[in-house]
Protein chains: 2
Amino acid sequence: MKTAPPPVIILVRPQLGENIGKAARAMLNFGLTELRLVSPRDGWPNPDAGPAAAGADRVLADATVFATLAEAVADCTHIYATTVRKRGVTKPVLTPEAAAQAVHASAGRSAYIFGAERSGLDSDDVALAHQIVTVPINREFGSLNLAQAVILLAYEWSKGQDLASPPDVPLDPPAAHAELEELIQHLVRDLDTAGYFFPAARTTATLRTLRTALTKAGWTSNEMRMMHGIVTALGRKAKKR
Amino acid sequence: MKTAPPPVIILVRPQLGENIGKAARAMLNFGLTELRLVSPRDGWPNPDAGPAAAGADRVLADATVFATLAEAVADCTHIYATTVRKRGVTKPVLTPEAAAQAVHASAGRSAYIFGAERSGLDSDDVALAHQIVTVPINREFGSLNLAQAVILLAYEWSKGQDLASPPDVPLDPPAAHAELEELIQHLVRDLDTAGYFFPAARTTATLRTLRTALTKAGWTSNEMRMMHGIVTALGRKAKKR
């Protein structure tokens, strides 16, 4: 499978160094490392960025600064403007999921661009983009901050990546059917001895209900052995009464 | 389609009120409103929660407090423990995506449980859960905070919801093929007049390349009209030379 390069994250006129750091942290969690800053308000480097990056220092150290968005995207072939607001710009609007798929399918380098904390991207920024990415959000409460928008896009992109493979946890497999059958027979034998199946006319239905419940449990061989022990122990207790 | 109730978000022994507020904000962005707190360190209500909630006050006002996790999940049928670390607990591990699908498919009420900021969920908490949810993350840099974990799970859940439908942006449709054909003919006529097609033997290939490029653009009727104007204007300019 052809692998497109990871998207570049571009923050346009970011205000607080802390938010640049948080964005870097959000990126690195999901394997994105290339950060570009367009005209950051307080210059660059910014002493507030490091502490907020929580260890994503490499992303900050490698960040590059540009005077204009056009320069920042000069080497990019697909540019996605992230915005939650409609701006009268008629471009296709993608979900983060659809954008991630487009990035993976792309033959070139993609960029996700994010606007300033309060004002977002302006119309000229958006005009440079090929498409718009909007996180679908509660219509009555839309309050995503910059780092949250970055993390959601990075997270969706990471789904196509090796690093995002599900963790390996060794699970005991469910026991084979014969072991379940043995347990059911054991239980039914003891229940029968205890006079559980009464009236006899309902025995078939009761057995079916019992089998359904035990089948659903999906017990492992170890759990089956424990259940045999429990059935046996309950039988002993009944005898003592 | 049957709709399962939205999952309950349960924070187990959360430490900072600020993080409870951020979790509430993350929830409401994606339409989750039911927050439960198990033994919050600094009691409840907590004055630091409100400012961090950025307007998600309703979620905080409706939050309920429990002494134990068992009480907090008493009415839940499916319990998902969120953890990034493996804990030797052998339970199925789901991605946020798979967990969201399971929540939507469920006949009962689901709960996502989150541990304290630093320590996470302990083994007894996880033992109450049916399944584990782990956000697949950069193996070399895993640094998700509580609110980020909440927002990712809430975001995945929201994909099944109406509120998460893609925004409507009125897009002009691409022009019908006949309009493209007219533009190509116009352009070819003027190019021919200008002696562009030389040598004649390559004309067919050149026309094919031109047609491919113009077809790809997907222009609207308005854009087609603009292009006619541009072609005409360029022709006028050439005549003046």
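Along each chain, the written sequence defines residue order, and numbers are assigned to residues from 1. The order in which chains are written sets their letters, starting at A; the order in which ligands are written sets their numbers, starting at 1. With pLDDT at 70 or above as the cut-off, local features in this predicted model cover only qualifying residues; side-chain atom pairs require 80 or more to be listed or tallied, and sums for whole chains, interfaces and linings still use all residues. Side-chain descriptors were evaluated using all non-hydrogen atoms of the structure, hydrogens and water having been removed beforehand.

Enquirer: How do you make sense of the sheet that holds strand β2 (residues 35-38) of chain A when you look at a structure like this?
Expert: In a beta sheet, neighbouring strands are held together by backbone hydrogen bonds and run either parallel or antiparallel to one another. All names here are of chain A. At least two DSSP bridges between two strands are needed for those strands to be called paired. The secondary structure listing takes helices from DSSP runs of H or I that are at least 4 residues long and strands from runs of E that are at least 2 residues long, numbered from the N terminus. A sheet is described by the order of its strands in space; here 7 strands give the open sequence β3-β2-β1-β6-β4-β7-β5, paired in parallel fashion. Pairing within the sheet leaves two strands with one partner each, and these edge strands are β3 (64-66) and β5 (93-94). Pairing between β5 and strand β7 (residues 131-133): 2 bridges, direction parallel. For Leu-94, the partnering residue across the bridge sits in β7 and is Val-133. Here a residue-residue contact requires only that any non-hydrogen atoms of the pair lie within 4.5 Å. To get an axis, fit a line to the C-alpha atoms, keeping to the stretch in contact for a helix; angles then go from 0 to 180 degrees between the N-to-C directions. Strands in contact with helix α5 (residues 96-105) are β4 (78-82), β5, β6 (110-114) and β7; relative to β6, the strand with the most contacts, it is inclined by about 150°.

Enquirer: Just to check I follow, could you spell out the environment of B:Pro174 for this structure?
Expert: All names here are of chain B. Following the sequence through the fold, Pro-174 ends up in the loop between α7 (146-158) and α8 (177-193). Buried means the residue's accessible area, taken with a 1.4 Å probe over protein chains only, is under 20% of the maximum for its type, while exposed means over 50%, and partly exposed covers the values in between. Judged by its relative accessible area of 56%, Pro-174 is exposed. Each C-alpha atom, one on Pro-174 and one on Gly-115, is 51 Å from the other, the two residues being 59 residues apart in sequence. In contact with Pro-174, other than residues within four places in its own chain, are Gly-218, Trp-219 and Thr-220.

Enquirer: In this structure, what is going on with the pattern of salt bridges? I would like to understand it.
Expert: One side chain can pair with another of opposite charge once the charged atoms of both are near each other. By salt bridge we mean one thing: a side-chain nitrogen of Lys or Arg within 4 Å of a carboxyl oxygen of Asp or Glu. Within the structure shown, the criterion is met by 24 salt bridges over all chains. Put simply, A:Asp122 and A:Arg13 hold a salt bridge, and the shortest N to O gap is 3.4 Å. Within this pair, whereas A:Asp122 is found in the loop between β6 and α6 (123-127), its partner A:Arg13 is found in the loop between β1 (8-12) and α1 (17-29), the two being separated by 109 residues in sequence. On the basis of relative accessible area, A:Asp122 is assigned to the partly exposed category, the value being 33%. The salt bridge partner of A:Arg36 is A:Glu34, with a shortest N-O separation of 2.8 Å. Residue classification places A:Arg36 among the buried positions, given a relative accessible area of 5%. The exposure class of A:Glu34 is partly exposed, given its relative accessible area of 28%. Counted as one network, the salt bridges with shared partners bring together A:Glu97, A:Glu156, A:Lys159, B:Glu97, B:Glu156 and B:Lys159.

Enquirer: Can you walk me through the packing of aromatic side chains in this structure?
Expert: Here the distance between the centres and the angle between the planes together describe a pair of aromatic rings. Each Phe, Tyr or Trp ring, with Trp reduced to its six-membered ring, pairs with another whose centre is within 6.5 Å; inter-plane angles below 30 degrees give stacked pairs, above 60 give edge-to-face pairs, and intermediate values give tilted ones. The final tally for this structure, using the stated rule, is 7 aromatic pairs over all chains. Note on B:Phe30 and B:Tyr155: the rings are 5.6 Å apart at their centroids and 75° apart in plane angle, and the pair reads as edge-to-face. Of the two residues, B:Phe30 sits in the loop between α1 (17-29) and β2 (35-38) while B:Tyr155 sits in helix α7, which places them 125 residues apart along the sequence. Using a relative accessible area of 0% as the deciding quantity, one classes B:Phe30 as buried. Overall, the relative accessible area of 2% leaves B:Tyr155 in the buried class. Taken together, the ring pairs connect A:Phe30, A:Tyr155, B:Phe30 and B:Tyr155 into an aromatic cluster.

Enquirer: Mind showing me how you'd approach helix α9 (residues 203-217) of chain B here?
Expert: Helical periodicity: at 3.6 residues per turn, an α-helix aligns residues three or four positions apart in one direction. Residues and elements named next belong to chain B. Multiply 1.5 Å by the residue count of a helix minus one, and that product is the helix's expected span. Compared with an ideal rise of 1.5 Å per residue, which puts 15 residues at 21 Å, α9 spans 22 Å between its outermost C-alpha atoms and is within 8% of the ideal. Within α9, the full set of buried residues consists of Thr-203, Leu-210 and Leu-214. Viewed end-on, α9 has its buried residues packed into an arc of 35°, placing them on one side of the element. Opposite the buried face of α9, by more than 90 degrees, sit the exposed residues Thr-204, Arg-208, Thr-209 and Lys-216. Buried residues belonging to α9 abut α8. Note that the arc is computed from the directions linking the helix axis to the C-beta atoms.

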